[in-house]
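Chain and residue survey
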Amino acid sequence: MEGKGMKSFFRKVLGIFKNKKDVKLGFYGPPNAGKTSLANRICKDFTGEEMGSVSKVPHETRHVQFKEKVEIKYKGKSMTFKMVDTPGITTRIDYEEFLKYKVGKKEAKSRAKEATQGIIESIKWLDDMDVVVVVLDSTENPYNQVNITIVGNLVARKIPVLIVANKSDLAKANIKKIEEAFPDYPVVGISAKYGKNLDEFYEEVFRISKKVR
Amino acid sequence: MKKKVRNKKIGGFSIQFLPYSEIKSLDSDERLKKILGIVLGSNILILQGKLKAEEESRLIGDTMAMIGHVKNFKGIELAVISPDLELNVFERAKYKIATTLSGGDLSAVTIIGPASVVKEIKRDPKKIELLLNK
């Protein structure tokens, strides 16, 4: 008994000095699902600054963006993250699609070029993540191959996944359909735009991140 | 030697069927090279089985790098349809052993086409709809 007590005492003392690493938290998903909106909300809530710009035009985020030392406090607990927001992954990019959003032809072409590079960057970064939040648009069909490919890659790399069904504020949102598509993973329905149900999101992020620290 | 890859022309597009045995012994580089060779020739490829998750993402990365460098290439459309996997834990374990022994999930089908030919692949868990460009 005494030995056990001593052991636990030393473990506690060592724990104080143990340098707990920051958890690399990646935001992945298809374009326009709300990855940057969610990352912005978290950053704004805990650091006062946003991470990147958001837009209705797909592929607004065309480079991987970071925010170091984001300390998230939730229910008296605290954890420090390195947040990594990634460009949306898709299998096709057609510059003509940008023209619909009143983007000039020249800009559309350069946007398309940057977006293709962004996708390559996103895929490269998969290896470096500790935990990944896959952000999906709950008004869209979740059985999109890109979603399945992203989750499949994370599973192959043994990286824990949390699926976020975003845009729950919209009438067309169908969170149940996302739960059905990914029955083996935790799914949290939120609205990044209005900050709806973020408590459940933080709860899950803490639960998953604890295992990788 | 009998050629195993079969071609079929439907509405001006060429559809190629590739049995898993054709790529089984190839490494990832060779597999992707073979697939890209077919897809870049404006063909729709129907592959028996499915690629590894890393191969799928490499295929996306490699094809992204070709946009703007290969004329009229806008990327690919890709979809995998697997048998309904509403299995319990025991059945799932058995299924996993079976797919490992056979060297891949042979009951799955992978469809890959150039985005300029295939407008969209609409999928739900039980069916796939291929929407072609004009």
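The structure we're discussing is the one just above.
Residues numbered from 1 in each chain as written. Chains lettered and ligands numbered in written order. Predicted model: local features only at pLDDT ≥ 70, side-chain atom pairs only at ≥ 80, totals over all residues. Heavy atoms only, no water.

**Structural notes on the overall build of chain B**
What chain B contains, in helices and strands, is four helices and seven strands. Across chain B, helices and strands are ordered from the amino to the carboxyl terminus as β-β-α-α-β-α-β-α-β-β-β. Looking at the 134 residues of chain B, the share that counts as buried comes to 40%. Contacts in chain B between residues at least 24 apart in sequence constitute 64% of all its contacts with a sequence separation of at least 6. Roughly 7,800 Å² of accessible area belongs to chain B as shown, and the carbon and sulfur atoms make up 56% of that amount. (Helix = DSSP H or I, 4+ residues; strand = E, 2+ residues; numbered from the N terminus. Buried < 20%, exposed > 50% of the residue type's maximum accessible area, 1.4 Å probe, protein only. Contact = heavy atoms within 4.5 Å. Areas by Shrake-Rupley, 256 points an atom, 1.4 Å probe, with all protein chains shown as cover.)

**Regarding the pattern of salt bridges**
Residues and elements named next belong to chain A. Scanning the model with the defined rule gives 18 salt bridges over all chains in all. Taking the shortest distance from any N to any O, the salt bridge between E68 and K82 comes out at 3.4 Å. On the criterion of sequence distance, the pair formed by E68 in strand β2 (residues 65–74) and K82 in strand β3 (residues 77–85) is long-range, its members being 14 residues apart. By relative accessible area, which is 17% here, K82 ends up buried. Across the salt bridge formed by E107 and R111, the nearest N and O atoms sit 3.8 Å from each other. With E107 and R111 both in helix α4 (residues 105–125) and four residues apart, the pair spans about one turn of that helix. With a relative accessible area of 43%, E107 lands in the partly exposed category. When salt bridges with common partners are traced through the structure, they connect E60, E107 and R111 into a single cluster. (Salt bridge = Lys/Arg side-chain N within 4 Å of Asp/Glu carboxyl O.)

**A word on the nonpolar core**
By size, the foremost hydrophobic cluster in this structure holds 53 residues, and its most contacted members are V134(A), I163(A) and L59(B). The greatest single-element share of this core, amounting to six residues, is contributed by α4(A). Counting residues in each nonpolar core, the second largest holds 29 residues, with V23(A), F27(A), V70(A) and V205(A) among its members. (Core = buried A, V, L, I, M, F, W, Y, C linked by side-chain atoms within 4.5 Å.)

**Side note on helix α2 (residues 35–47) of chain A**
All names here are of chain A. An ideal rise of 1.5 Å per residue puts 18 Å on 13 residues; α2 measures up with 18 Å between its terminal C-alpha atoms. Within the span of α2, buried status applies to K35, T36, L38, A39, N40, I42 and C43. Tucked into the core, α2 has its buried residues touching β1 (23–28), β2, β3, β4 (131–137), β5 (161–166) and α7 (198–212). (Expected span 1.5 Å × (residues − 1).)

**Observations regarding the interface of chain B and chain A**
With 24 residues of chain B at the contact, the number on the chain A side is 20 residues. Interface area, chain B with chain A, both sides summed: about 1,900 Å², of which 57% is carbon and sulfur. When the shortest N-O distance is used, the salt bridge between R92(A) and E77(B) registers 3.0 Å. Linking chain B with chain A are 14 residue pairs in polar contact (both at pLDDT 80 or more). When residues of the side of chain B that touches chain A are traced back to their parent elements, those giving at least two are α3 (53–66), β4 (76–81) and β6 (118–124) of chain B. Ranked by residue count, the leading element in the side of chain B that touches chain A is α3(B), at eight residues. For the side of chain B that touches chain A, a count of residues per class yields 12 nonpolar, three polar and nine charged. (Buried area = accessible area lost by both parts, 1.4 Å probe. Polar contact = N/O pair within 3.5 Å; in protein donor to acceptor, adjacent residues only side chain to side chain. Nonpolar A, V, L, I, M, F, W, Y, C, P; charged D, E, K, R; others polar.)

**What to know about the packing of aromatic side chains**
Residues and elements named next belong to chain A. Summed over all chains, the structure comprises six aromatic pairs over all chains. Between F46 and Y202 the ring centres are 5.5 Å apart and the planes differ by 85°, which places this aromatic pair in the edge-to-face class. Remark: Y202 occurs in helix α7 and F46 occurs in helix α2; sequence separation between them is 156 residues. Centroid distance Y74 to Y202: 6.2 Å. Interplanar angle 40°. Geometry classified as tilted. Placement of Y74 in strand β2 and of Y202 in helix α7 is noted, with a sequence separation of 128 residues between them. Take Y74: its relative accessible area is 7%, and that puts it in the buried class. Clustering of aromatic rings is evident, with ring pairs tying together F46, Y74, F81, F201, Y202 and F206. Geometry around Y95 places K109 over its ring, the cationic atom sitting 5.1 Å from the centre. The ring of F98 is capped by R111, whose NZ or CZ atom sits 5.6 Å from the centre of that ring. (Phe/Tyr/Trp six-rings, centres within 6.5 Å; stacked < 30°, edge-to-face > 60°. Lys NZ or Arg CZ within 6 Å of the ring centre and 35° of its normal.)

Taken by themselves, the reported measurements are silent on function.
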